Amino acid sequence: MKFRPKIMPVQGRKVTFALALAFATCVPHGAMSQQKFAVVPTVTILSGEIITQGRVTEVPVTNPNIAPGYSQSIEEVVGKVSKRTLVAGRTIPIGDLRDPYAVERGAAVRITYNNNGMNLSASGVAIEDGMAGDIVRVRNKDTGVTVSGTAKLDGTVEVFQK
């Protein structure tokens, strides 16, 4: 058998008032009035599509218990590619976005090699996708040899020396 202390209605109101007063004095005024925003798609964005400014909007966050890790400004998401389908009206998790590929698998690329003023270039085909700075494998069209190099932002692959 459990015994619970009886709380009188007057005592309950006093405790509630005291807690509200303590909360109001402890929390800075700016923190209570600071409005957060979340970015949500206006239309469904499929996996692999590039996000444009016309397809997203910022909305005020009304749920104080929203999970962290969502995008808070349009600048964070514009130009990124979605890794999965983003449903209209739902927040966009940052982890579901990636930078666009600089080199795409199967695309024709320019292979370059630079060493002490000597510049060589050849045409090739990318064997794998890669963002700028990633190491990707490329097959030389003329010789059929597969080489590895660093994907550049302009879509070329710079081969490094062994």
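Cut-offs used in this document
Residues numbered from 1 in each chain as written. Predicted model: local features only at pLDDT ≥ 70, side-chain atom pairs only at ≥ 80, totals over all residues. Heavy atoms only, no water. Phe/Tyr/Trp six-rings, centres within 6.5 Å; stacked < 30°, edge-to-face > 60°. Lys NZ or Arg CZ within 6 Å of the ring centre and 35° of its normal. Helix = DSSP H or I, 4+ residues; strand = E, 2+ residues; numbered from the N terminus. Buried < 20%, exposed > 50% of the residue type's maximum accessible area, 1.4 Å probe, protein only. Contact = heavy atoms within 4.5 Å. Pairing = 2+ DSSP bridges.

Notes on the packing of aromatic side chains
Inspection of every chain in the model, using the stated rule, returns zero aromatic pairs. Between the NZ or CZ atom of R98 and the centre of the ring of Y101, over which it lies, the distance is 3.9 Å.

Observations regarding unusual backbone geometry
Keep in mind that most residues, glycine aside, have a negative phi and that most peptide bonds are trans. Despite not being glycine, N116 has its phi angle at roughly 50°, a positive value. Secondary-structure assignment places N116 in the loop between β5 (108-115) and β6 (118-126). Owing to a relative accessible area of 80%, N116 belongs among the exposed residues under this scheme.

Here's the deal with the side chain of S71
Mapped onto the fold, S71 is located in the loop between β2 (56-60) and α3 (74-77). The class of S71 is buried, set by a relative accessible area of 0%. Setting aside residues no more than four positions away along its own chain, S71 makes contact with F37, A38, V39, E76, V77, I92 and I94.

Things to note about the pairing of β5
A regular strand places its side chains so that they alternate between the two faces of the sheet. Alignment of β5 against β6, held across eight bridges, turns out to be antiparallel. Within β6, the residue paired with Y113 across the bridge is L120. One ladder, built from two bridges, connects β5 with strand β9 (residues 157-159); its direction is parallel. Among the inter-strand pairings, T112 is bridged to a residue of β9, identified as E158.

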